[in-house]
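The primary structure of each chain is shown beneath.
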Amino acid sequence: MGFDGEVWLVRGTDRGEETGEVGEIVIDDVDFPWLSGRFTAGPAYDAVEPLFTRELALMEDEDWEAWEVVETEIRRRVSLVSPRGAVPEFLLHIQGDAAWFRWSDEAFEEG
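Everything quoted here is computed from the prediction, not taken from an experiment.

So, how was this worked out
- Residues numbered from 1 in each chain as written.
- Predicted model: local features only at pLDDT ≥ 70, side-chain atom pairs only at ≥ 80, totals over all residues.
- Heavy atoms only, no water.
- Patch = residues over 30% accessible without salt bridge, like charges linked within 9 Å, V, L, I, M, F, W, Y side chains within 5 Å.
- Areas by Shrake-Rupley, 256 points an atom, 1.4 Å probe, with all protein chains shown as cover.
- Salt bridge = Lys/Arg side-chain N within 4 Å of Asp/Glu carboxyl O.
- Lys, Arg positive; Asp, Glu negative; His and termini not counted.
- Charge placed at Lys NZ, Arg CZ, Asp CG, Glu CD.
- Helix = DSSP H or I, 4+ residues; strand = E, 2+ residues; numbered from the N terminus.
- Buried < 20%, exposed > 50% of the residue type's maximum accessible area, 1.4 Å probe, protein only.
- Pairing = 2+ DSSP bridges.
- Core = buried A, V, L, I, M, F, W, Y, C linked by side-chain atoms within 4.5 Å.
- Contact = heavy atoms within 4.5 Å.
- Axes fitted to C-alpha atoms, helices over the stretch in contact; angles between N-to-C directions.
- Parallel < 35°, antiparallel > 145°, perpendicular 65-115°, else oblique.
- Left-handed = near helix turned anticlockwise from the far one by under 90°.

A grouping of Glu60, Asp61, Glu62, Asp63, Glu65 and Glu68 is seen on the molecular surface, where their side chains present a negatively charged patch. Secondary structure elements with two or more residues in the negative patch: α1 (49-61) and α2 (64-77). In this structure, Asp61 sits in helix α1. Using a relative accessible area of 56% as the deciding quantity, one classes Asp61 as exposed.

Our focus in this paragraph is the pairing of strand β2 (residues 17-31). As defined by bridge partners, strand β1 (residues 7-14) adjoins β2 across 8 bridges and the pair is classed as antiparallel. Paired with Val10 across the two strands is Gly23, which belongs to β2. Counted along the chain from β1 to the antiparallel partner β2, the turn is 2 residues long, and its residue Arg15 has a positive phi close to 50°. With 8 bridges connecting them, β2 and strand β3 (residues 34-41) associate as antiparallel partners. Each residue of the ladder has a partner; that of Val26, found in β3, is Arg38. Here β2 folds back onto β3, and the loop between the two strands holds 2 residues.

So, about the nonpolar core. Of all hydrophobic cores here, the largest spans 27 residues; its most connected members are Trp8, Ile25, Leu92 and Phe101. For this core, the secondary structure elements donating two or more residues are β1, β2, β3, α1, α2, β4 (78-82), β6 (89-95) and β7 (98-104). Considering each element in turn, this core owes the most residues, 4 residues, to β6. Not counting chain neighbours up to four residues away, the residues in contact with Phe101 comprise Trp8, Ile25, Ile27, Pro33, Trp34, Leu35, Leu80, Leu91 and Leu92.

Quick look at the packing of α1 against α2 now. Remark: α1 packs on α2, axes separated minimally by 9 Å, with the N-to-C direction vectors making an angle of 155°. Looking at the two axes, α1 sits roughly antiparallel to α2. Where α1 crosses over α2, the handedness of that crossing is left-handed. Residues Leu51, Phe52, Arg54, Glu55, Leu58 and Met59 of α1 touch α2, and the partners they reach there are Trp64, Ala66, Trp67, Val70, Glu71, Glu73, Ile74 and Arg77.

A few words on the pattern of salt bridges. Considering all chains together, one arrives at 7 salt bridges under this definition. The salt bridge involving Arg11 is made with Glu18; its shortest N-O contact spans 3.8 Å. By relative accessible area, Arg11 is classed as partly exposed at 26%. Between Arg75 and Glu89 there is a salt bridge, with the nearest N and O atoms lying 3.6 Å from each other. Linking Arg75 in helix α2 with Glu89 in strand β6, this pair joins segments that are 14 residues apart in sequence. Look at Glu89 and you get buried, because its relative accessible area is 12%. Each of Glu71, Arg75 and Glu89 takes part in one network of salt bridges that share partners.

Here it is in structure tokens:
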């Protein structure tokens, strides 16, 4: 699929305004629809790192109701940008220097 080696950006956002670079992901594995790679934190990562830690813990605990709240906050506070442009919908996990995600070029349906 040609994703290997691509650099995807994670940017901080607040009410649609960019707040800084959270980091970048260099893709090194593709298991479509999931992409994964090496995450390098940017200057805005510290502000959102606790959300990613909490999201993974809730997922492990299978506390899906609380997980959904945190996941919604992550999508409110960060945006994902592919080499082709902004990604409207995504599910992103970051743990240390690893990141894995899936995305859609179209907004997810509600419900």
